[in-house]
Amino acid sequence: MSFKKDDKFGEWYSEVIVNSEMIEYYDISGCYILRPWVMEIWELMKEFFEAEIKKLKLKPYYFPLFITEDVLQKEKDHVEGFAPEVAWVTKSGKSDLEAPIAVRPTSETAMYPYFSKWIRSHRDLPWKCNQWCNIIRWEFSSPTPFIRSREFLWQEGHTAFATKEEADEEVLHILELYRGIYEEFLAVPVFKGRKSEMEKFADGLYTTSVEAFVPNTGRGIQGATSHCLGQNFAKMFDIRFEDEKGKRSFVWQNSWAYTTRSIGVMVMAHGDDKGIVLPPRVAPIQVIVIHVPFRDADTVAISGACESAVYTLNQAGMRADLDARDNYSPGWKYSHWEMKGIPLRIEIGPRDLANKQVHIVRRDNGAKADIPSTDLVEHVRTLLDEIQDSLFEAAKQKRDACIEVIHTWDEFTAALNEKKLILAPWCDEEEVEKDVKARTKGDLGAAKTLCTPFDQPDLPEGTVCFASGKPAKTWSFWGRSY
């Protein structure tokens, strides 16, 4: 690695995701090749989430990538929220199209004209669909792989209900699944909360999110969102149902999504100067086994012991693999797999063979131990659980150390300059948030609300908003963000 994480974070991040064989840069700015190492991580996350939403009876769909201009423009407030990011197809070969065709920045306007055809009766509800696809959002100035790219992969769920209560319940259920993806799989701590009116999904009723924080940059990052759309889109696209008494009503809708951005957040949270560090639950390979031959050693027996260890671990449900390449030295292999973030490395050499043991090394903290071969499965399983927990706790401690509780504007600006995650009393007024953005605008970007956390500290009577001096209604997280 040419760059240190704590010295030049941006350069370190760009280098580590290439050297670990996660991505390759493409010849169109903001677009990246996702290599197998990343796609396997994404597949593990997808496997978990797919199983969970199937329990909720979500059905798989795939809607086309293209959206007609008439349909996209039908919901004006929604379109305005995405207008700068919409890419348009205007030519076929050398001929101009009769009308430009949008490339989806999100799928509400692609799906909902057909919801109005398919949903007729209360018997059709709840309506639940999900698709895994790519999204194109074109207009931005500073692309960052995974975090902010022109094309990315995501999951998007779209549902319709007869009542707001059902919609509200699902919003929070999905948000909890997203928390689980970040905290229990990626080992990244997040806050669950509600977005401000200014930051909510364009023309939705309200937006909830899970919010992460990157201590090295002092920036918040929206991890995933679960939106209640209310009845706005139903009214625009005439999505109505007939109840048991024959009365026609508009449905209540939700949409929710998480993206490959989550993988970038994980890299930022856990990576170090040796490479990325993968939590075991999302590591395509959890254990790499390397034979360590010495001159005059019984290489056949050592190789057999390595193969046996891999087989035993795989049979026990762990993801293990053997690096038996003889054209690379053991030291080169150690560095290679450390760069790729494998949670555990097992080394087997002549001494280990003689002592009926394996030598095991943790990626997260470098701790080493000799483990009896007979206890391999039990020890490895315990270590993988410990690594998963340790990564989360370390990331949480780093994040929590950045939280600054403030009460005044001067405290706010000081904390912002120190790259803190700011928790402040707020009057919850859109004009005040706009004013904060305007007053903090600069080369590093303006401050904004990240979310109003559901877990609220006490708000003593008489507490005033840090920015306006008006009575505070809530505590909210503020800061700069990606």
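Everything in this summary refers to the structure shown in the same document. (Residues numbered from 1 in each chain as written. Predicted model: local features only at pLDDT ≥ 70, side-chain atom pairs only at ≥ 80, totals over all residues. Heavy atoms only, no water.)

## Some points on empty space enclosed by the protein
- If you walk through the whole model with that rule in mind, you get two cavities of 30 Å³ or more.
- Each pocket or cavity is described by its volume, and for the largest cavity that value is around 40 Å³.
- Phe191, Glu211, Ala212, Phe213, Leu421, Leu450, Cys451 and Phe477 are the residues that line the largest cavity.
- Going through the elements one at a time, β10 (206-214) and β22 (448-453) are the ones with two or more residues in the lining of the largest cavity.
- Taken together, the residues of the lining of the largest cavity sort by class into seven nonpolar, no polar and one charged. (1 Å grid on protein atoms, 1.4 Å probe; cavity = no way out; pocket = protein on both sides within 12 Å on 5 of 7 lines; lining within 4 Å. Points joined across faces, edges and corners; volume = space filled by probe spheres on them. Helix = DSSP H or I, 4+ residues; strand = E, 2+ residues; numbered from the N terminus. Nonpolar A, V, L, I, M, F, W, Y, C, P; charged D, E, K, R; others polar.)

## Remarks on the sheet that holds strand β19 (residues 368-372)
- The five strands lie next to each other as β16-β15-β17-β18-β19, forming an open sheet whose pairing is mixed. With one partner strand each, in any of the chains shown, β16 (320-323) and β19 form the two edges of the open sheet. Between one strand and the next, the sheet's axes are offset by a mean angle of 30 degrees, whatever the strand orientation.
- Note: strand β15 (residues 287-291) against β16, four bridges, orientation parallel. When the sheet's bridge partners are listed, isoleucine 288 is paired in β16 with aspartate 321.
- Against the sheet, helix α10 (residues 330-339) touches β15, β16 and β17 (344-348), its axis set at about 170 degrees to β15. (Pairing = 2+ DSSP bridges. Axes fitted to C-alpha atoms, helices over the stretch in contact; angles between N-to-C directions. Contact = heavy atoms within 4.5 Å.)

## Let's talk about the sheet that holds strand β6 (residues 95-103)
- The strand order across the open sheet built from three strands is β4-β6-β5, with neighbouring strands paired in antiparallel fashion. Each end of this open sheet is capped by a strand with a single partner; those strands are β4 (66-68) and β5 (87-92). Neighbour-to-neighbour, the strand axes of this sheet turn through a mean angle of 45 degrees, independent of strand direction.
- Taken together, the five bridges between β5 and β6 define a ladder with antiparallel strand orientation. When the bridges of β6 are listed, valine 89 appears paired with isoleucine 101.

## With respect to a nonpolar patch on the surface
- Residues Tyr26, Ile28, Ile33 and Trp138 make up a contiguous nonpolar surface patch of roughly 370 Å² in combined accessible area.
- Mapped onto the secondary structure, tyrosine 26 falls in the loop between β1 (23-25) and β2 (32-34).
- The class of tyrosine 26 is partly exposed, set by a relative accessible area of 47%. (Patch = residues over 30% accessible without salt bridge, like charges linked within 9 Å, V, L, I, M, F, W, Y side chains within 5 Å. Areas by Shrake-Rupley, 256 points an atom, 1.4 Å probe, with all protein chains shown as cover. Salt bridge = Lys/Arg side-chain N within 4 Å of Asp/Glu carboxyl O. Buried < 20%, exposed > 50% of the residue type's maximum accessible area, 1.4 Å probe, protein only.)

## Things to note about the pattern of salt bridges
- If you walk through the whole model with that rule in mind, you get 27 salt bridges.
- The shortest N-O distance in the salt bridge between glutamate 52 and lysine 55 comes to 3.1 Å. Here glutamate 52 and its partner lysine 55 are both found in helix α2 (residues 36-55), three residues apart, which amounts to about one turn of the helix.
- The residue glutamate 338 makes a salt bridge to arginine 345 at a minimum N-O spacing of 3.3 Å. Summarising the burial analysis for this pair, glutamate 338 and arginine 345 share the class buried.

## A word on the layout of surface pockets
- Empty space within the second largest pocket amounts to approximately 420 Å³.
- Forming the boundary of the second largest pocket are 25 residues, of which Lys5, Ala269, His270, Gly271 and Lys398 lie nearest the centre.
- Ranked by residues supplied to the lining of the second largest pocket, first place goes to helix α12 (residues 376-400) with six residues.
- For the lining of the second largest pocket, the class distribution of residues is 13 nonpolar, five polar and seven charged.

## Quick look at the nonpolar core
- The biggest cluster of nonpolar side chains holds 55 residues, and the ones touching the most others in it are Met22, Met45, Phe49, Tyr178, Tyr258, Ile263 and Val267.
- For methionine 22, the contacting residues outside a window of four places in its chain are Ile17, Ile33, Leu34, Arg35, Trp37, Val38, Ile41, Phe146, Ile263, Val267 and Ile276.
- Core analysis: the second largest hydrophobic core is formed by 24 residues, Cys306, Leu313, Val380 and Ile387 among them. (Core = buried A, V, L, I, M, F, W, Y, C linked by side-chain atoms within 4.5 Å.)

## Here we look at the environment of isoleucine 17
- Along the polypeptide, isoleucine 17 turns up in helix α1 (residues 9-19).
- Classification of isoleucine 17 by relative accessible area gives buried; the value is 0%.
- Residues isoleucine 17 and phenylalanine 146 lie 129 residues apart in sequence; the distance between their C-alpha atoms is 9.8 Å.
- Ignoring anything within four residues of it in the chain, the contact list for isoleucine 17 reads Met22, Ile23, Pro145, Phe146 and Val267.

## Some thoughts on the state of the cysteines
- Inspection of the entire model under this criterion finds zero disulfides.
- Cysteine cysteine 228 is unpaired, with the sulfur of cysteine 129 as its nearest cysteine sulfur at 16 Å.
- Relative accessible area serves as the criterion here: at 0%, cysteine 228 is assigned to the buried category.
- Looking at the unpaired cysteine 465, the closest cysteine sulfur is the one in cysteine 427, lying at 3.8 Å. (Disulfide = S-S within 2.5 Å.)

## Comments concerning unusual backbone geometry
- Here the residue pair leucine 125 and proline 126 is connected by a cis peptide bond, since its omega of -5 degrees sits within 30 degrees of zero.
- In the Ramachandran plot, glutamate 21 falls in the positive-phi region, its phi being about 65 degrees despite a non-glycine side chain.
- Its place among the elements puts glutamate 21 in the loop between α1 and β1.

## A short note on the pairing of strand β14 (residues 252-259)
- Taken across its eight residues, β14 has eight buried, putting it largely inside the fold.
- The alternating pattern of β14 places Trp252, Asn254, Trp256 and Tyr258 on one face and Gln253, Ser255, Ala257 and Thr259 on the opposite face, and all of these are buried.
- For strand β11 (residues 219-230) and β14, the ladder comprises six bridges, and the chain directions are antiparallel. When the sheet's bridge partners are listed, serine 226 is paired in β14 with tryptophan 256.

## A look at the side chain of threonine 106
- Position of threonine 106 relative to the elements: it lies in the loop between β6 and α5 (108-118).
- On the accessibility criterion, threonine 106 (4% relative accessible area) is buried.
- Here glutamate 108 takes part through its side chain, which lies 2.7 Å from a polar atom of the side chain of threonine 106. (Polar contact = N/O pair within 3.5 Å; in protein donor to acceptor, adjacent residues only side chain to side chain.)

Purely spatial values, then, with no claim about function.
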